[in-house]
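The residues making up each chain are set out below.
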Amino acid sequence: MRLAEVRIDAVDVGIAADAVVQALPQPDALAAPPRRAGALAGVVDHGGVLVPVVDLARWVETGERQDGRILILRDGGRLLGLRVSAVGGLVDVASDAVTRLHHDDDADEVFHSVARSPETGRVLNVLDVGRLAALACAWHGGAAMASGSPPPPAAHDRRTYAVLDAGTLRLGVPAGALAEVIAMPSRAAIGDGAWCTWRGRHLAIVPPAAVDPALGGVGAGLLAVLEHDGLALGVPVRATLRLADFVPAATVYDDDGAEVRLVDVAALFARRPEADLSRSAHAAAPAQARAGKPNDAAYVVFDADGLAATPLDALERVLPLVDTPGATMRWGDQAIAVVDLRRPNHVPAEQGQVLVVRAGERRVACVAARVHVMIPAGGGQLYRLGAGAFIMTDDGRERASYRIVDLTTYC
């Protein structure tokens, strides 16, 4: 049999893997009906369903309390939660290796058997989930399900996901939403993310934390391209692992016991309006956009955290950076704010150029890594994709497209 290893304070517990639905973060507070007896610790929201949570420490001594997570368990059509301190991996234990110690069949006990984990060597107390539900007299679903209440996910609701290694987490992406995984292309900064060109379309690349707050920069070498309703987004990943079937939930477990966070693709696209950059040829007419209109003013292309272009008439001066920038710099008889647009931890810190930008009487000093090139009036084509504006140049040998930024917004 396959067991999920968990720990409840100082007690090692094994739970049949097919009884484990999801692991939820421990909420700050668990609301619960006030009762005089029982182990009901509160309720948690599981996919819009309020599920009662059992705390074994209210019945038995489990050692020093260590809150961690709420494990959603299933017994037939019944759902209940269990407070646990930590969730480990999945282990396969031979059926004859599960040893029954207590044979009294006491209905007031939820542990009667033990098994040794072949992975950690720990002796696991095997939880009888059915007895736990019956003894707690608290669950959601089954015969007690209210009319019209949404049923919990069932085994036939399993869907196929692509499991991706995102560094600190594994992500599960609906297989139908994953267009392809490619080597990380050259890209330019846009907002808190970046953008690149993919199949003739502009593709916004979201920062890892936009997919899941637990993700950070992991030096991903691959880009997973997701598609939804004709739009596309890029998600940095380290590797593609496999296809797997899961019952949809926020967190599930892979075959080796690792947590997999399932990505709600529709919600991700709703949170990231820059996906509009990728509108297909039918919606965005990129061929017509490339024909665009000639730029009637000159633009300066600079390298900050990627290449971008800004109107030349907004620049008062371009100066070499002579020292590590501070919060302000002297400009004439006044101190003006300094905005460092370079990548974080740019090295060397004192190397770069300063673009003094004016907007009316206001001035700001924008620090870039370097000024790249100037595009004269009529030297490019202006177009817009979604919320983004771009200028494209084509000298007959090389075509380049630069995102347009308005540096006067920093004034």
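Fair warning: this is a prediction, and the values are worked out from it, not measured in the lab.

Caption draft 1: Examining the overall build of the protein chain more closely. For the protein chain, the count of helices and strands is five helices and 35 strands. Relative to its 411 residues, the protein chain shows a buried fraction of 44%. Counted over contacts in the protein chain with a minimum sequence separation of 6, partners at least 24 positions apart contribute 63%. Accessible surface computed for the protein chain: about 20500 Å², of which carbon and sulfur atoms make up 50%.

Caption draft 2: Structural view of the sheet that holds strand β27 (residues 315-320). The strand order across the open sheet built from five strands is β27-β30-β31-β29-β28, with neighbouring strands paired in mixed fashion. Either end of the sheet is taken by a strand with one partner, and the two such strands are β27 and β28 (328-331). Sheet twist, expressed as the mean angle between neighbouring strand axes with direction ignored, is 30°.

Caption draft 3: Examining the packing of aromatic side chains more closely. Throughout the structure, instances matching the rule amount to zero aromatic pairs. In this structure, Arg-78 is placed above the aromatic ring of Trp-139, and the distance from its NZ or CZ to the ring centre is 4.4 Å.

Caption draft 4: Highlighting the environment of Pro-118. With respect to the helices and strands, Pro-118 occurs in the loop between β10 (111-116) and β11 (123-127). On the basis of relative accessible area, Pro-118 is assigned to the exposed category, the value being 54%. In this structure the C-alpha to C-alpha distance between Pro-118 and Val-91, which are 27 residues apart in sequence, comes to 7.0 Å. Those residues within four positions of Pro-118 in sequence are excluded, and the remaining contacts are Val-91, Asp-92 and Val-93.

Caption draft 5: Main features of the pattern of salt bridges. Taken as a whole and judged by the stated rule, the model has 19 salt bridges. With a shortest N-O distance of 3.9 Å, Asp-303 and Arg-370 are connected by a salt bridge. Here Asp-303 is found in strand β25 (residues 299-303), whereas its partner Arg-370 is found in strand β32 (residues 370-375), with 67 residues between them in sequence. Taking relative accessible area as the criterion, Asp-303 reaches 17% and is therefore assigned buried. Residue classification places Arg-370 among the partly exposed positions, given a relative accessible area of 37%.

Caption draft 6: Highlighting the pairing of strand β23 (residues 259-262). Burial of the side chains of β23 extends over both faces: Glu-259 and Arg-261 are buried on one face and Val-260 and Leu-262 on the other. Note: strand β14 (residues 170-174) against β23, three bridges, orientation parallel. Bridge pairing in β23 links Arg-170 to Val-260.

Caption draft 7: Seen up close, the nonpolar core. Counting 29 residues, the largest nonpolar core has Leu-171, Val-211, Leu-233, Val-235, Val-263, Leu-268 and Phe-269 as its most contacted members. Counting residues per element, the ones that place at least two in this core are β14, β16 (188-190), α2 (208-211), β19 (222-228), β20 (231-237), α3 (265-271) and β34 (388-394). Examining the composition of this core, we find that four residues originate from one element, β20, more than from any other. Those residues in contact with Val-211 that sit more than four places away from it in its chain are Leu-171, Val-206, Val-235, Val-263, Leu-268 and Arg-271. If you look at the next biggest cluster of nonpolar residues, it comprises 26 residues, including Val-20, Ala-39, Leu-40 and Leu-56.

Caption draft 8: Broad picture of the confidence of the model for the protein chain. For the protein chain, the mean per-residue pLDDT works out to 81, and 86% of the residues sit at or above 70. For the stretch residues 143-156, pLDDT sits under 50, and the model shows 16 contacts to residues farther than four places along the chain or on other chains. Note on residues 281-291: pLDDT is under 50 here. Beyond four places in sequence and across chains, it has eleven contacts.

Caption draft 9: Geometry of the sheet that holds β11. Taken together, the six strands give an open sheet; going across it, the order is β8-β1-β2-β11-β10-β9, and neighbouring strands pair in mixed fashion. For this open sheet the edge positions go to β8 (86-92) and β9 (99-100), each flanked by a neighbour on one side alone. Where β10 lies against β11, five bridges are found, and the strand directions are antiparallel. Residue pairing in the sheet places Val-114 in a bridge with Asn-125 of β11.

Reading the values: the criteria
- Residues numbered from 1 in each chain as written.
- Predicted model: local features only at pLDDT ≥ 70, side-chain atom pairs only at ≥ 80, totals over all residues.
- Heavy atoms only, no water.
- Helix = DSSP H or I, 4+ residues; strand = E, 2+ residues; numbered from the N terminus.
- Buried < 20%, exposed > 50% of the residue type's maximum accessible area, 1.4 Å probe, protein only.
- Contact = heavy atoms within 4.5 Å.
- Areas by Shrake-Rupley, 256 points an atom, 1.4 Å probe, with all protein chains shown as cover.
- Pairing = 2+ DSSP bridges.
- Axes fitted to C-alpha atoms, helices over the stretch in contact; angles between N-to-C directions.
- Phe/Tyr/Trp six-rings, centres within 6.5 Å; stacked < 30°, edge-to-face > 60°.
- Lys NZ or Arg CZ within 6 Å of the ring centre and 35° of its normal.
- Salt bridge = Lys/Arg side-chain N within 4 Å of Asp/Glu carboxyl O.
- Core = buried A, V, L, I, M, F, W, Y, C linked by side-chain atoms within 4.5 Å.
- pLDDT = per-residue confidence, 0-100.

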